[in-house]
Structures are given as structure tokens and as C-alpha cells.
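Observations on the model geometry
One letter stands for each residue in the lines below.
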Amino acid sequence: MRGSRAPGLNARVILRRVLVPAALLACAAAATGPALGAVTPVPTSGAAAGKTTSIVPGISYKVIKRSGPQVLHVVTFRANALTRLAPAQSSGSLTKRATLTDGMTSRLAQGATAGINADYFDLATGTPSGVLTVGNRLLASPEPARSALTLGPGGAFSVGRLTLAGRYQRLDDATAAPYPIRTFRAVNRPLPSTSTTGVVAYTPEYGSPTPGGSVYEVVVALDGGGGITANGTVQGTVIAQRPGGGTTIADGQVVLSGKNGSGNAIQNELPNGARVQVEAAIPGINPDSWGAVGGGPMIVQGGVPISDAAEGFTASQLSGRTTRTAVGQLEDGTILMVDRKSTRLN
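Criteria and thresholds
- Residues numbered from 1 in each chain as written.
- Predicted model: local features only at pLDDT ≥ 70, side-chain atom pairs only at ≥ 80, totals over all residues.
- Heavy atoms only, no water.
- Helix = DSSP H or I, 4+ residues; strand = E, 2+ residues; numbered from the N terminus.
- Buried < 20%, exposed > 50% of the residue type's maximum accessible area, 1.4 Å probe, protein only.
- Contact = heavy atoms within 4.5 Å.
- Salt bridge = Lys/Arg side-chain N within 4 Å of Asp/Glu carboxyl O.
- Phe/Tyr/Trp six-rings, centres within 6.5 Å; stacked < 30°, edge-to-face > 60°.
- Pairing = 2+ DSSP bridges.
- Axes fitted to C-alpha atoms, helices over the stretch in contact; angles between N-to-C directions.
- Polar contact = N/O pair within 3.5 Å; in protein donor to acceptor, adjacent residues only side chain to side chain.
- Arc of directions from axis to C-beta.

**Some points on the overall build of the protein chain**
Of the regular secondary structure elements, the protein chain holds 3 helices and 26 strands. The buried share of the protein chain, taken over its 346 residues, is 50%. Taking the intrachain contacts of the protein chain between residues at least 6 apart in sequence as the baseline, contacts between residues at least 24 apart amount to 69%.

Here you go:
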């Protein structure tokens, strides 16, 4: 696919392993649900290969064989009232890996019809490398150096680099001088070991106790439950303080985890009972977005191939022959989900 040209095509490669926290799913509405139990077997070899097969009305599948050997699996469809593309977790936790098949199987009753692997992930923690929002719920913050795909209303694609502007502030003591606005660097992504300070916001979607270390944490019970949303503001009350990490996160809670000096500020400013406001601004994600997922590098924009998107991937990540996935959109709105298999790996 690299170096190809298609009018109006916006696409990018999404590198991924077999076990994935996130996926992109093409979902048919409940009206087509009964067809899911009798999906036409998809052709993968022989004379049937290369022919387009209908999975359910409006969603087609095709296998293309090339020398190498290489096998391309291509799903095409148009987003409409009954069919859409949306990010999803393969498991119920960002730190728990699962196969794409697991993620699909658990969503068949919801209309999931086809899926591909999405963003890469941290081999140590299992968390996605880039942004992940499901609807407007923020599960993981962006990686500013790499492309992200935002799915707008009606299925329109937007590909670009996103940045988190995370802020929190104590709201008590209205008659006193206001407390300073503090920042947090990430949502559900531990700070790198090279970072000597900084704050991370963890939510129940993290799926594990918060990482340990030289940190100080507070648990915030959000008003009315819920969670952190992209470009949303939530308020809550500090209900617990904990040094050293290892905090379990219940539904309707956010944990602010500060390392070293940032932890000292949390300890001093956010005692039990303190009221706090948390905001996660990500310009580029609209309130009516169907979701956003990280990936990269971008390989085509506006029908023009991009030979080097300068997104910080290593040569070993890009140059080796291996299985890769991509998603793109034609000028007429048709969505392509592509999975390239190679049966002989370097």
C-alpha cells in the first residue's frame, strides 16, 4: 500500500501485535443482527479468492493475493444509519491483552461484523501507544508525535496529531485566593522511567491498580459518577490519599498520581474532603465524535502518498516484512479496512 495513489484517499498504517487492547470494528445495527449468526463463509483461498463477498448487507469482503507471498484482506462499506466504524477495547481493560477474535466475539450481539487491530501498545504495561476514546469517553491520552484517527459524525475521517491539555484545580475556600491550576501529562499511561516529575490521571478503564513508585495519590469520587471525557470537565471530592501507588480504582472515580515534586503538590493541596475539578482538553476531537484511536504513520493524505511522515517510528517497526493493518477512506466516503498478511517473515 505504501506509495499507492487513490483519489481522495486518507489512510495510515496502524502497527499492531496479535494481542491488542484496542480494535476498530465495523458494526451493523441491531436490525441486521440476525444475519450475524449466518454470515457467508469468507473466501481465503482457491478460485474464490479475489472475488467480493457480502458479509451482511452493505459490508463486503475481498481477499487479494500477491507475490512475496502476501495476502490482503479488505473490508469495504459506507457509514450510514445502520453501519459505522468505531474504536473498541478487545478486553475490558487497557492493561489486559486479548485477541481480536475475543473482542469481536464479545460484541456479536451488539452488531459487530468485522474488525482489525488498532493502535500499537506498550509491551511492559499493555496500554495503547496513542489516544483511545470510545464515543467521547477518554480511555487513553494521545501520543503527540504520531497520527491519530478521529471518526466524525456520519463516518467522516480526520487524521492528524492530537495533544492533551490536562488540568486540575482545587475549588474550596471561595473567600481565599484561588488555588493554582495544575497540569497532568497523561490519562491511563504511566510516566516513562526517565520522568522525574509529573501527574497522571487514572480511571477504572486502566483495569489494574495504579503503578507503584515515588508517587503520592488521591482518589476523587466524581459527582454523579461517570468518567473523564475528551474536552469535558468533571468535578468531585477527594475521598482518600495514598502514598506509593497501588491504588484500586472503582467506577465513578479518578486517581491523580503525582511523582516526586508533583506528588508533594497533590499531598499539600488535596486533603480528604477537598473539592477538585478535572479537565481533559484535546483540540481536534469534536463532542459528537464516534471515537478516536492512535496509530501511524500516515501513508496517504488527500490522494498523495507520504513517504516519510516523521512520526518517530524505528526502522525495525517500519521496514520489516510483517503483518500490518490500515484504514482509509475514499473520496466518496467508502471506508476500507485492510489487513496484510505475509506468510514469509523477515
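**As for the pattern of salt bridges**
A full pass over the atoms with the stated rule returns 4 salt bridges. A salt bridge links R182 to E269; its shortest N-O distance comes to 2.3 Å. You can see R182 sitting in strand β15 (residues 182–184) and its partner E269 sitting in helix α2 (residues 261–269), a full 87 residues away along the chain. A salt bridge links D223 to R275; its shortest N-O distance comes to 2.7 Å. A residue pair is termed long-range when its members are at least 10 positions apart, and D223 in the loop between β18 (215–222) and β19 (232–243) and R275 in strand β21 (residues 275–281) qualify at 52 residues. Residue class for D223 comes out partly exposed when judged on its relative accessible area of 43%.

**Brief notes about the packing of aromatic side chains**
Within the structure shown, the criterion is met by 2 aromatic pairs. Consider the rings of Y120 and F121, whose centres lie 5.7 Å apart with planes at 25 degrees: the pair is stacked. The exposure classification of Y120 matches that of F121, with both residues buried. Where Y202 meets Y206, the ring centres are 4.9 Å apart and the plane angle is 70 degrees; that geometry is what we call edge-to-face.

**Observations regarding the sheet that holds strand β11 (residues 137–140)**
Note on sheets: strands pair through backbone hydrogen bonds, and any given pair is parallel or antiparallel. An order of β11-β10-β22-β12-β13 is seen for the 5 strands of this open sheet, with the pairing classed as antiparallel. Edge positions in the open sheet fall to β11 and β13 (157–161), since each of these has one partner strand only. Across the sheet, the axes of successive neighbouring strands diverge by a mean angle of 25 degrees, strand direction being ignored. Of the strand pairs in this sheet, strand β10 (residues 132–134) and β11 are connected by 3 bridges, and their pairing is antiparallel. Looking at the pairing, V134 lines up with R137 of β11.

**A few points about the side chain of T210**
Inspection of the secondary structure puts T210 in the loop between β17 (198–202) and β18. By relative accessible area, T210 is classed as buried at 3%. Within the local environment of T210, its side chain forms a polar contact with the side chain of E217, the two groups lying 2.9 Å apart. Polar side-chain contacts of T210 include one of 2.9 Å to the backbone nitrogen of T247. Residues in contact with T210, not counting those within four places in the same chain, are Y202, E217, G245, G246, T247, I249 and V255.

**With respect to α2**
Among all positions in α2, only S262, G263, A265, I266 and E269 are buried. Down the axis of α2, the buried side of the element spans an arc of 155 degrees, and every buried residue falls inside it.

**Comments concerning the sheet that holds β18**
Spatial ordering of the open sheet is given by β15-β14-β21-β19-β18-β20-β17-β16, a layout of 8 strands whose pairing is mixed. Two strands in the sheet have a free side with no partner beyond their single neighbour: β15 and β16 (186–187). Here α2 sits on the sheet in contact with β14 (165–170), β15, β17, β18, β19 and β20 (253–259), set at roughly 130 degrees to β20.

Geometric descriptors of this kind do not, in isolation, establish any biological role.
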